[in-house]
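For reference, the chains in residue letters:
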Amino acid sequence: MSAEGISKFDLVIAGVGGQGTILASDIIGKAAVKENMSVRAAETHGMAQRGGSVVNHVRLGCELGSMIPMKGADVLLSLEPSEALRYLEFLSDDGTIIVNTDPILPVTVTSGQCSYPDVDAIIAKLEETHEVKAFNATELAREAGHPQSMNVVMVGAVSNYLPVSVETLVECVKELVPQKTIDINVKAFEMGRSVIQG
Amino acid sequence: MSTREYMLGNVAIARGIVEGGGQVISGYPGTPSSEIIGTLAGMKERDFYVEWSVNEKVAFEVAAGAAMTGVRSVVTMKHVGLNVAADPLLTLAYTGVKGSMIIIVADDPSCHSSQNEQDTRRYSQFSLIPCLDPSTPQEAKDMIPFAFEFSNKVQMPVIFRPTTRISHGKSDIELGPVEETRPSAEFVKELERWVMVPKNARIQHPRLLESQKIMQEELENSPWNSLELTDGAKVGVIASGIASVYAKEAIVKQGTNASFLKIGTYPVPESKIRTLLENTEKIIIFEEMEPIVEEQVRIIAQQTGSTVDIVGKIPGPVPRIYELNTDICADVLAEVLELERPDVPAEVAEDFDYDRCRIDLPMRPPVMCPGCSHRASFHVMKKVYGKDAIFPSDIGCYTLGIQSGTVDTTLCMGGSITVASGMYQAGEKKPICCSIGDSTFFHTGMNGLLNAIYNKADITVTIVDNRITAMTGHQPNPGMGKLATGESTIEVSLEELCKSMGAGFVETVDPYDLEKTEEVFKRAKEHKGTSVVITRQYCVIDAKRSGIRRKPFVIDAEKCVGCRLCVNLGCPAIEFNTTTKKASINAMCTGCGVCAALCKFDAITEVKK
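Residues numbered from 1 in each chain as written. Chains lettered and ligands numbered in written order. Predicted model: local features only at pLDDT ≥ 70, side-chain atom pairs only at ≥ 80, totals over all residues. Heavy atoms only, no water.

The name given to chain B in an unreviewed UniProt entry is Indolepyruvate oxidoreductase subunit IorA, and the organism recorded there is Methanolobus sediminis. Comment text from UniProt for chain B, heading Subunit (unreviewed entry), reads "Heterodimer of the IorA and IorB subunits." Quoted verbatim from the Catalytic activity (unreviewed entry) heading of the UniProt record, the comment on chain B is "indole-3-pyruvate + 2 oxidized [2Fe-2S]-[ferredoxin] + CoA = (indol-3-yl)acetyl-CoA + 2 reduced [2Fe-2S]-[ferredoxin] + CO2 + H(+)". (UniProt positions renumbered as here; feature names shortened; annotations may be inferred.)

Taking an unreviewed UniProt entry as the reference, chain A is identified by name as Indolepyruvate ferredoxin oxidoreductase subunit beta belonging to Methanolobus sediminis. What UniProt states about chain A under its Function (unreviewed entry) heading is, verbatim, "Catalyzes the ferredoxin-dependent oxidative decarboxylation of arylpyruvates." The Subunit (unreviewed entry) field of the UniProt record for chain A holds the comment "Heterodimer of the IorA and IorB subunits."

And the structure:
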């Protein structure tokens, strides 16, 4: 849980280098600033970008450091199933996990050094301790117009939890995605938002 | 209109340089410092000069020269880069500057993307150059205009030391006004000051020592240090730089009744430390990496005869390695003050690891991109030189070739050719083939190659030339014909450069052409003396951005016999199904065609449309 007076809402975004975790966190961070909230965020750059595991922290209404303490996050937003497990330690006991069920196999798996766990087993494991919203966001993104808009589908999904208005978030989606992909991304956002509302 | 913007710490620092009226900005890329120059160079309208230099020492000297003429200069680098620039640093302290100079050195506690985690504040102590240590991206931006002014006032360069979490943190940033005045450049000859022959250096050293007291007093009362004395608190917490936000959050979470001293400058604020010592019984000190503040506090306590209990790293519960965070600070407070950790049960905090999930997670290491030509270069190198050969390497994307078995050493920028030479000169009989990137070669590899050729080292030097400084985010270098700002310039020929140093064997190949590359490496291996093979192919990310489109490849499942030759290449686009024993190519394929050239069964072909 985000501590009183330090942060209003703590969000961890996990994923794989290249999935667009930074853009996802930028949309949320920028929207919060538009609504006059102070924001602190930390992101992964450099080595881990090259297909490695990446994690971003976003703290809304926070005046101190950008790093969310262990068991501090209100929501864990994972763009890839196995990465949800990798960063589970940041999620508070009553926190929620929103997870894309479409796996990305690391090179250690494709080359046969490791095996990738069964996705259903990952979800079942997450459900043992937390509320889980799992769906194939990559598929939804494809329906919206391009698989690359998966990160925006996930932003749409988490929008149901954020202390930021939907209008501001959509405004920031439009400002931050490439001009010619605005329609696809707005659709992706809406699809992600409604999948959680059920 | 709102003057608050959401920005990356490095972008905020760049904004600080603009607000402070920076005029000459130079640097060499290095994570986490690179986006500062990237941001400035990308500005459409600018009234400052900005360059990527070939290495940190060069960049430092460019900025120093500018500051000698009276203008405001900045040099940027990462912590290990300061080792390269240490030579001018220590002497510039003696000469000082006439205008203003900020030496931005980004530290990387926890080695997120570095070969060590050295603490730049030690260089500040060592060189006697003052240092500013921001705790948030906002403070980082605000410190820059202050640093220009302070540097000019005391006529000394100032070290500015963000850490990864500042440089790559994001925050809402309150923008400030932009300084409009620009001092003009005018160098005034003052031999005693600018020419550090022994006679003059002997005069400057005592002057430098005397200036410490003045700088300490000036910084003591700057906004970057603050002391909050809490009524009735027996405990005092001192925290510096980014550790101060972690410590603050831990104090709030733990409900600790403590006085708090935040430190953001070196030399440290001595009077504030003395006041805190007089008002507490126990002091806990949080700082990342080296116990620099702690050493100062212990010295002041000893000088003042204070009996306050000082808890930190020497020895103590605060770790001297890796990053700090709120949890570590809360744990230390809990341990020292014998409190509970109400938010996290101790057993969870200590035991949490992936085992708790009881599902084995596959490792996801950073790898070379699908289609990266370095993979092909390494494949051929290994084939020609053999598994027993020694492959010294360097710092860049190609360091990820560690998984290809072709990276046996990585010491520092430019260290591959020299390490290879040293091994040969030591009498090593195994074949030695080292690798170095184009940007790294221009950085400090050139000197090593000259030395190897001159001293007759029988080694092969592979320059893996992907036409860009890729690892740090695609900065240009002298091999590209392009400046930091995108403007055209001369394009240095690696071939001519190596030949002019006296290399008897210099050949350039396209590493995607495996056959030709193998033939060239074979001849390089036979060559007596230093041979140079330049494997040249555009970085795949850069190629895609510049519109180069190649057709992806596909594996014919009927022809695939499951030999795994293509899989062993380690390309993320090639998958292997252990049930069907067939390889397949996924959507990440960029169409380099290297796997197709490898396949002995003609099972891999270009996708036809």
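Moving on from the model shown.
**Q** When you look at the nonpolar core in this model, what are you seeing that I'm missing?
**A** In summary, soluble globular proteins display a tendency toward joint burial of nonpolar side chains. All names here are of chain B. In this structure, Met101 and Phe286 are the most contacted members of the largest nonpolar core, which totals 98 residues. The greatest single-element share of this core, amounting to 7 residues, is contributed by helix α7 (residues 137-154). Taken domain by domain, the makeup of this core includes at least three residues from each of domain 1 (4-220) and domain 2 (226-344). Among residues more than four places away in sequence, those in contact with phenylalanine 286 are Val237, Ile238, Ala239, Ser240, Ala243, Ala247, Val318, Leu324, Cys329, Val332 and Leu333. One finds Leu494, Cys498, Phe521 and Ile534 within the second-largest nonpolar core, a separate group that totals 72 residues. (Core = buried A, V, L, I, M, F, W, Y, C linked by side-chain atoms within 4.5 Å. Buried < 20%, exposed > 50% of the residue type's maximum accessible area, 1.4 Å probe, protein only. Helix = DSSP H or I, 4+ residues; strand = E, 2+ residues; numbered from the N terminus. Domains from an automatic or database assignment. Contact = heavy atoms within 4.5 Å.)

**Q** Please explain the sheet that holds strand β14 (residues 309-311) of chain B as it appears in this structure.
**A** Residues and elements named next belong to chain B. Pairing is mixed across the open sheet formed by 5 strands, whose spatial order is β9-β11-β10-β13-β14. Taken across any chain shown, the strands that pair with only one partner, and hence form the sheet edges, are β9 (226-228) and β14. This sheet shows a mean twist of 15° between the axes of neighbouring strands, independent of strand direction. Pairing of strand β10 (residues 235-240) with strand β11 (residues 258-263) involves 6 bridges; the strand directions are parallel. Bridge pairing links serine 240 to isoleucine 263 in β11. This element, helix α14 (residues 326-337), spans β10, β13 (282-286) and β14 of the sheet and lies at about 160° to β13. (Pairing = 2+ DSSP bridges. Axes fitted to C-alpha atoms, helices over the stretch in contact; angles between N-to-C directions.)

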